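# Descriptive structure summary
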Amino acid sequence: MAAILRNSRRTARCFASGLAGSSAELHFAHGLYVTLAPKRMLDEKQTKQVAADLCDDLRRAGLPLRHAGSFGFDFGAAEWFRDTSCNRHVVRIAVPDLPTLLWDQVARAVMEWWSAHEGSPNSHTAQTTTPIPMSLRT
């Protein structure tokens, strides 16, 4: 649990500084996940696709992030989530107890992927693949 909480706090700080406009909720009391809000309103199906695309691209880069409805302790997970506080769909990133340096790589890759895809006006309507920088590959 300590590793999950440490990784979650570090992820929240990473996303708060690098994705200030996209973070939905970064400080859940339980510390098990953070959420990212797409710039435009998406329905459930579109949000699921964003989570799947994110995971597919990071997995191809060799990073341990899976498209899963819940989380595992040895991998991170991303999935859609209905945020009732703001009445919209967001992407939930479940934080695992991976070694902190490895999870920091995943968090930075998520941040870079999100920035690249949120900057494109058609980013959520077409299948796109953004390469992960070599510095973030394992």
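Since we're looking at a predicted model, the values are computed, not measured.

Thresholds applied
Each chain has its residues counted from 1, following the order in which its sequence is written. The predicted nature of this model means local features are confined to residues of pLDDT at least 70 and side-chain atom pairs, given and counted, to a pLDDT of 80 or more, with totals for whole chains, interfaces and linings taken over all residues. Just so you know, side-chain values use all the structure's heavy atoms and leave hydrogens and water out. Only DSSP runs of H or I reaching four residues or more are called helices, and only runs of E reaching two or more are called strands; each is numbered from the N terminus. Using a 1.4 Å probe on the protein chains alone, a residue whose accessible area is under 20% of its type maximum counts as buried, one over 50% counts as exposed, and one in between counts as partly exposed. In what follows, a contact means two residues having at least one pair of non-hydrogen atoms within 4.5 Å. Computed with the Shrake-Rupley method and a 1.4 Å probe, the accessible areas treat only the protein chains shown as cover for residues. Any two strands with at least two DSSP bridges between them are considered paired. With axes taken as lines fitted to C-alpha atoms, and helix axes fitted only over the stretch in contact, angles between N-to-C directions fall between 0 and 180 degrees. Convention used here: angles under 35 degrees read as roughly parallel, angles over 145 as roughly antiparallel, angles from 65 to 115 as roughly perpendicular, and any remaining angle as oblique. Crossing handedness: left-handed means the near helix sits turned counterclockwise from the far one by under a right angle, and right-handed means the same turn made clockwise. Under the scheme applied here, ten amino acids are nonpolar (Ala, Val, Leu, Ile, Met, Phe, Trp, Tyr, Cys and Pro), four are charged (Asp, Glu, Lys and Arg), and all others, including Gly, are polar. How sure the predictor is of each residue is captured by pLDDT, a score from 0 to 100.

### Considerations on the overall build of the chain
Helices and strands together make up the secondary structure of the chain, namely three helices and five strands. In the chain, the succession of α and β elements from N to C terminus is α-β-β-α-β-β-β-α. A buried classification covers 49% of the 138 residues belonging to the chain. Of the contacts made within the chain by residues no fewer than 6 positions apart, 61% connect residues no fewer than 24 positions apart. When the accessible area of the chain is evaluated, it comes to approximately 6,800 Å², of which 54% is carbon and sulfur surface.

### Regarding the pairing of strand β5 (residues 88-94)
The element β5 is largely enclosed, with a buried count of seven among its seven residues. Relative to β5, strand β2 (residues 33-36) is paired through four bridges, and the arrangement is antiparallel. Bridge assignment links Thr-35 to a residue of β5, and that residue is Arg-92. Pairing of strand β4 (residues 76-83) with β5, which is carried by seven bridges, proceeds in the antiparallel orientation. Paired with Ala-77 across the two strands is Ala-94, which belongs to β5. In textbook terms, the turn of a hairpin is the stretch between consecutive antiparallel strands, and for β4 and β5 this stretch comprises four residues, one of which, Asn-87, has a positive phi near 55 degrees.

### A closer look at the packing of helix α2 (residues 44-60) against helix α3 (residues 100-118)
Two numbers describe how α2 lies on α3: the axes approach to 11 Å, and their chain directions differ by 125 degrees. Considering their axes alone, α2 and α3 lie oblique with respect to each other. Handedness of the crossing formed by α2 with α3: right-handed. Across the interface between the two elements, Val-50, Asp-53, Leu-54, Asp-57 and Leu-58 from α2 touch Val-106, Ala-109, Val-110, Trp-113, Trp-114 and His-117 from α3. In terms of residue class, the contact of α2 with α3 is built from eight nonpolar, one polar and two charged.

### A short note on the confidence of the model for the chain
Scored by pLDDT, the chain has a mean of 77; 75% of the residues are at 70 or more. For the chain, strand β1 (residues 23-25) is the element with the lowest average pLDDT, namely 57, and α2 is the one with the highest, namely 92.

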